[in-house]
Amino acid sequence: MSAASSPSSSSCIPSVPRNPNFSFLLSRSVLPRAACSFPSHRNGIRCSGLHLEASPSSLGSSISRRGCVVARYAPQPLGALATSVAPGMPSSTVVGDDKIGVLLLNLGGPETLEDVQPFLFNLFADPDIIRLPRLFRFLQRPLAQFISVLRAPKSKEGYASIGGGSPLRQITDAQAEELRKSLWAKDVPAKVYVGMRYWHPFTEEAIEQIKRDGITKLVVLPLYPQFSISTSGSSLRLLESIFREDEYLVNMQHTVIPSWYQREGYIKAMANLIEEELKTFDDPEKVVIFFSAHGVPLAYVEEAGDPYKAEMEECVDLIMEELEKRRAINSFTLAYQSRVGPVEWLKPYTDETIIDLGKKGVKSLLAVPISFVSEHIETLEEIDVEYKELALNSGIEKWGRVPALGCEPTFISDLADAVIESLPYVGAMAVSNLEARQSLVPLGSVEELLAAYDSQRRELPPPVTFWEWGWTKSAETWNGRAAMLAVLVLLVLEVTTGEGFLHQWGVLPLFR
Ligand SMILES: C=CC1=C(C)c2cc3[nH]c(cc4nc(cc5[nH]c(cc1n2)c(C)c5CCC(=O)O)C(CCC(=O)O)=C4C)c(C)c3C=C
Ligand SMILES: [Fe+2]
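- Where an unreviewed UniProt entry is consulted, the chain appears under the name Ferrochelatase, with the organism given as Trapa incisa.
- According to its UniProt record, the chain has this under Function (unreviewed entry): "Catalyzes the ferrous insertion into protoporphyrin IX."
- In its Subcellular location (unreviewed entry) section, the UniProt record describing the chain reads: "Plastid, Chloroplast membrane".

Dropping the structure here:
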């Protein structure tokens, strides 16, 4: 069951009052980092090394095929709400009168072309997407308005080309229903809710439904296999702020499954889809498997400690190992797509890698979207249209694309298992003892984990810019930065004086 949509078509998420005392605790994302980072560029040569396959529900660390210790973690409770027990000691299993709920967290997408600008506003108003310097934080919403208005025409074109809106809500609702059925089939009578970060049904709407239904134990499951500050982190941070303000929720036990890319069922489901698609090629063994992940600005990983890149690389390794077991020994590569703005994002970039592979004489390429489990604009437009065209123009002769997981049965069943495995930990994982925390990576409350890697809330270069011009990358970067500074000054003047070009265009005031 997904949360009912709000009748309002308002352009921003319902505001959640914030307690300034919690600003530190609300900072940043939730996750443990891999204890070592992998080489950033994959050249398609199969890698070897130590590997200890992680059991899906294992706690603690394990050794990856590259011989690195990679953090493994158990589901986490949102800190403020958790009870303190000894590490690794689950509370009693969930029985009796408990009403179990599962909250699926996802990004959300505009359902019509009219939704595009307000959807973009919500996205850019998120401090986990654009982190402004402290001094300028009050400009977050005007800036979001400004960027969303400027970006909307380009985005609308994209959404128009895939049928006039994002399929994300429909697919996520279908996943929620299949997950519910799978849980019931496994004797766990749970209700499943959908809470989106930037569009309907908003997380706040899902929470209202959870309260109306009297849920007593909640499993929070972001639908992103790998953790990033900009996705699961942002959704969990919002959730934590909602929980803190609500008496009912403060007393509701819950746990969080922060990422699940290493789960056997997920890995097998991905391998199934790749295997199927390889069969459509004349010479399957000659196909280069091209994993394309959504990018994040490099600073998220290098400065804020986002575990996204390490998790992504580990995930690709696990999928390739599974394929190897099935005797598919293809070359593979991982690249990052969908960058926005002038700052550096995770490399290698998908477009540049496609061109390189073409130059190296690769003739068959199979694209695998890896960071998201539903079809969306970046699979249906960016991969299927733009990258396919680029590949064919770069000398690739045969192009294929693996579908997103959607409601693939192995995958859904594995999500249900993940939920069931997490139930004993509902409300049972807050550990304040540092030593204990180190033994089982990463026990501890959300705020402890947040503090562990992003306590200083470093300012990050904004990942988006308003426009780009110039002849070189560096010129574009500096033009972008200068433009941003200029616009910030203008915005400050506009907001303080109530006059200026945005008022003339009707962009401001924002809150009519
Ligand atoms: C794991 C997936 C994703 C990460 C990481 C991510 C980071 C990220 N995204 C933007 C900017 C935009 N994202 C947009 C759409 C969009 N993003 C994801 C996933 C991740 N984003 C999805 C699934 C979608 C599509 C939703 C849908 O409508 O189906 C958009 C809007 C589309 C566009 O105009 O291109 C923007 C903008 C940033 C800046 C960022 C990291 C900081
Ligand atoms: Fe995105």
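Brief notes about the side chain of Ser241
Logical step 1: Turning to its location among the elements, Ser241 is positioned in helix 5 (residues 229–244).
Logical step 2: In this structure the side chain of Ser241 is engaged in a polar contact, spanning 2.7 Å, whose partner is the backbone oxygen of Leu238.

Focus: helix 10 (residues 350–359)
Logical step 1: Every buried residue of helix 10 is accounted for by Thr350, Thr353, Ile354, Leu357 and Gly358. Buried residues of helix 10, seen end-on, are gathered within an arc of 140 degrees and therefore sit on one face of the element.
Logical step 2: Of the surrounding secondary structure, the elements contacted by the buried residues of helix 10 are strand 7 (288–294), strand 8 (332–337), strand 9 (364–369), helix 11 (377–393) and strand 10 (398–401).
Logical step 3: Where helix 10 terminates, the next one or two residues include Gly361, which has phi positive at roughly 90 degrees.

Let's talk about the sheet that holds strand 3 (residues 100–106)
Sheets are built from strands paired through backbone hydrogen bonds, the pairs being either parallel or antiparallel.
Logical step 1: Across the sheet, which stays open at both edges, the 4 strands sit in the order 4-3-5-6 with parallel pairing between neighbours. Each having just a single partner strand, strand 4 (191–196) and strand 6 (253–256) make up the two edges of the open sheet. For this sheet, the mean inter-axis angle between neighbouring strands, taken without regard to orientation, is 20 degrees.
Logical step 2: Contacts from helix 3 (residues 168–185) reach strand 3, strand 4 and strand 5 (217–222), with the element oriented near 155 degrees to strand 4.

Description of the site of ligand 1
Logical step 1: Looking at ligand 1, there are 29 residues lining it, with Arg151, Ser155, Tyr159, Ser166 and His294 nearest.
Logical step 2: A distance of 2.3 Å separates an oxygen atom of ligand 1 from a polar atom in the side chain of Ser155.
Logical step 3: Secondary-structure elements contributing two or more residues to the shell around ligand 1 are helix 1 (116–124), helix 2 (140–161), helix 5 and helix 11.
Logical step 4: Among the elements that make up the shell around ligand 1, the one with the highest residue count is helix 1 (4 residues).
Logical step 5: For the shell around ligand 1, the per-class residue count stands at 17 nonpolar, 10 polar and 2 charged.

Comments concerning helix 3
Logical step 1: Look at helix 3: 25 Å from first C-alpha to last across 18 residues, which is about the 26 Å you get at 1.5 Å a residue.
Logical step 2: Here helix 3 has its buried residues at Leu168, Arg169, Thr172, Gln175, Ala176, Leu179, Ser182 and Leu183. Buried positions in helix 3, seen along its axis, are confined to an arc of 150 degrees and lie on one side of it. In helix 3, the exposed residues that point more than 90 degrees away from the buried face are Gln170 and Ala185.
Logical step 3: Of the residues one or two after helix 3, Asp187 is the one with positive phi, at around 65 degrees.

Rules and cut-offs
- Residues numbered from 1 in each chain as written.
- Chains lettered and ligands numbered in written order.
- Predicted model: local features only at pLDDT ≥ 70, side-chain atom pairs only at ≥ 80, totals over all residues.
- Heavy atoms only, no water.
- UniProt positions renumbered as here; feature names shortened; annotations may be inferred.
- Helix = DSSP H or I, 4+ residues; strand = E, 2+ residues; numbered from the N terminus.
- Polar contact = N/O pair within 3.5 Å; in protein donor to acceptor, adjacent residues only side chain to side chain.
- Buried < 20%, exposed > 50% of the residue type's maximum accessible area, 1.4 Å probe, protein only.
- Arc of directions from axis to C-beta.
- Contact = heavy atoms within 4.5 Å.
- Pairing = 2+ DSSP bridges.
- Axes fitted to C-alpha atoms, helices over the stretch in contact; angles between N-to-C directions.
- Near = heavy atom within 4 Å.
- Nonpolar A, V, L, I, M, F, W, Y, C, P; charged D, E, K, R; others polar.
- Expected span 1.5 Å × (residues − 1).

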